[in-house]
Amino acid sequence: MKKRDIFSGWGVPALIAGLTLADFVVMLFFPDNLPSWVQAGWLLLALGAGVLCFRKKPQGIIEWLIIGYFLWTVVTRLVLQDFTYKAWIELLRSASIMLVFLLVHRMPEGQSRRVWQLFGGLLCAYLTVWAVQGLRVVLTGGNEFGFWRQVLSIAEEEEVRFVQVGSLHRNSTAAWFMIGLWLLCIQWNLCEKKVWRVPIALDALLMYCMMALQRCRSVCVGVGIGVGLLAAMGVWKACRDRKRVVQVPLALLAAAVCALTVYKSFDWTNDGLTRFSARVQMKTASQAEAGEMRVAPMETPT
């Protein structure tokens, strides 16, 4: 009787869903204080995922890189001697994310593709709600947008205006939309019907605008480097028939130009959205003032 592969069933996707949900519940709703019941459930899910992952030895460079990255996070905590509650939670989050990557990588190709599409689509849909509301608040100067414990508003720090989500630092929230952008790139490649690429491209533009409005330099650099590497890969494949002495410089030049252009484009986008917002708010204020003048009662002469 053939032994059934545990990674071919739907128990593993359910475990992935639990870990992913726990991670985002902590990130979005309990950034400062994590209830004990969430800690206990999260630990049980992580232990279950760890048992499944290490039933087999790591195979291939990808799995070793995932494990190496987690070990690097542990070593940095030890070197910095940072054993605070928040650092412990961040370490648990890193472990759960690494376990999710390992679980997905060990699933059959067709099933892992469906899992990426499902959970990537759900996460991008959630981030899209925040992105749309963020643009509304910025462009119209409207009211704040709140969801349970988090409130999206406009904040200012050292004469720099940016979108603020609750009490979370803008570097963290900018990373959400960077993750959403890369997940949308995966969705672009996985979608079979080309018509779906239109909303995917529009959603990616929303994520890009929100990253620009967060004014986080590290995320801008990361996205620039990522786009530069993609450009270098494209040039490398296009010039595969040429000699390496030509192929390598062209790929490096494409990477440098695209990375620098994308990095600077965040400033251009932020400035453009800021100017457009100022015009919209001035027009709205003038219309409101004109409306008040029309409805104001005329003074009767004495």
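What counts as what
Residues numbered from 1 in each chain as written. Predicted model: local features only at pLDDT ≥ 70, side-chain atom pairs only at ≥ 80, totals over all residues. Heavy atoms only, no water. Helix = DSSP H or I, 4+ residues; strand = E, 2+ residues; numbered from the N terminus. Contact = heavy atoms within 4.5 Å. Areas by Shrake-Rupley, 256 points an atom, 1.4 Å probe, with all protein chains shown as cover. Core = buried A, V, L, I, M, F, W, Y, C linked by side-chain atoms within 4.5 Å. Buried < 20%, exposed > 50% of the residue type's maximum accessible area, 1.4 Å probe, protein only. Polar contact = N/O pair within 3.5 Å; in protein donor to acceptor, adjacent residues only side chain to side chain. Axes fitted to C-alpha atoms, helices over the stretch in contact; angles between N-to-C directions. Parallel < 35°, antiparallel > 145°, perpendicular 65-115°, else oblique. Left-handed = near helix turned anticlockwise from the far one by under 90°. Nonpolar A, V, L, I, M, F, W, Y, C, P; charged D, E, K, R; others polar. Patch = residues over 30% accessible without salt bridge, like charges linked within 9 Å, V, L, I, M, F, W, Y side chains within 5 Å. Salt bridge = Lys/Arg side-chain N within 4 Å of Asp/Glu carboxyl O. Expected span 1.5 Å × (residues − 1). Lys, Arg positive; Asp, Glu negative; His and termini not counted.

Visitor: Which parts of the structure should I look at to understand the overall build of the chain?
Guide: Scanning the chain for helices and strands turns up 9 helices and 3 strands. In the chain, the order of α-helices and β-strands from amino to carboxyl end is α-α-α-α-α-β-β-β-α-α-α-α. Intrachain contacts of the chain at a sequence separation of at least 6 include 69% that bridge at least 24 residues. Counting every atom, the chain has about 18,900 Å² of accessible surface; 66% of that belongs to carbon and sulfur.

Visitor: What should I look at first to understand the nonpolar core in this one?
Guide: Among soluble globular proteins, nonpolar side chains are generally buried collectively. Counting residues in each nonpolar core, the largest one holds 38 residues, and the members touching the most others are Phe177, Met211, Leu213, Val219, Val223 and Phe266. Listing elements by their share of this core, those giving two or more residues are α5 (109-140), β3 (160-165), α6 (170-190), α7 (197-214), α8 (217-238) and α9 (244-295). Looking at this core, the element that brings in the most residues is α7, giving 10 residues. Residue contacts for Val219: discarding those within four places in its chain leaves Asn171, Ala174, Ala175, Met178 and Met211. By size, the runner-up hydrophobic cluster in this structure holds 20 residues, among which are Leu15, Ala49, Leu99 and Leu102.

Visitor: Quick question: what am I supposed to make of the side chain of Arg170 here?
Guide: Relative to the helices and strands, Arg170 is located in helix α6. Among the polar contacts listed, one links the side chain of Arg170 to the backbone oxygen of Arg215, at a separation of 2.7 Å.

Visitor: Would you take a moment to explain the packing of α6 against α8 for this structure?
Guide: To characterise two packed helices, one gives the angle between the axes of the helices and the distance between these axes. One can describe the packing of α6 onto α8 by two numbers: an axis separation of 10 Å at closest approach and a directional angle of 20°. By the angle class used here, α6 and α8 are roughly parallel. Here α6 runs over α8; the crossing is right-handed. Facing α6, whose interface residues are Asn171, Ala174, Ala175, Met178, Leu181 and Trp182, α8 presents Val219, Gly222, Val223, Gly226, Val227 and Leu230. Within the contact of α6 with α8, the residues separate by chemical class into 9 nonpolar, 3 polar and no charged.

Visitor: Any chance you could explain the environment of Val100 here in plain terms?
Guide: Along the chain, Val100 turns up in helix α4 (residues 85-106). C-alpha separation for the pair Val100 and Gly50, spaced 50 residues apart in sequence, amounts to 9.5 Å.

Visitor: Any chance you could explain the packing of α5 against α6 here in plain terms?
Guide: Look at α5 against α6: their axes get within 9 Å of each other, and the N-to-C directions meet at 135°. One element, α5, and the other, α6, form an angle in the oblique class. Note that α5 runs across α6; the crossing there is left-handed. Of the residues in α6, those touching α5 at Arg113, Trp116, Gln117, Gly120, Gly121, Leu123, Cys124, Leu127, Trp130 and Ala131 are Trp176, Phe177, Ile179, Gly180, Leu183, Leu184, Gln187 and Leu190. The residue makeup of the contact of α5 with α6, split by class, is 12 nonpolar, 5 polar and 1 charged.

Visitor: Explain a nonpolar patch on the surface here, please?
Guide: Together, Ile61, Ile62, Trp64 and Leu65 give the surface a local cluster of nonpolar side chains, amounting to about 460 Å² of exposed area. Along the polypeptide, Ile61 turns up in helix α3 (residues 60-80).

Visitor: Can you help me understand α8 in this one?
Guide: Given 3.6 residues to a turn, an α-helix orients residues that are three or four positions apart in the same direction. Here α8 is 22 residues long and its end C-alpha atoms lie 31 Å apart, about the 32 Å a rise of 1.5 Å per residue gives. Along α8, the residues classified as buried are Val219, Cys220, Val223, Gly224, Gly226, Gly228, Ala231 and Ala232.

Visitor: Honestly, the side chain of Asp203 in this entry has me stumped. Any pointers?
Guide: The residue Asp203 is located in helix α7 in this model. One buried charged side chain, Asp203, makes no salt bridge at all; its nearest oppositely charged neighbour is Arg197, positioned 14 Å away. Among the polar contacts made by the side chain of Asp203, one reaches the side chain of Thr128 at a distance of 2.7 Å.

Visitor: Can you help me understand the pattern of salt bridges in this one?
Guide: Side chains carrying opposite charge are able to pair once their charged atoms draw close together. Summed over the entire model, instances satisfying the criterion amount to 1 salt bridge. Measuring nitrogen to oxygen at the nearest pair gives 3.0 Å for the salt bridge that ties Arg217 to Asp267. Of the two residues, Arg217 sits in helix α8 while Asp267 sits in helix α9, which places them 50 residues apart along the sequence. Since its relative accessible area comes to 18%, Asp267 is described here as buried.

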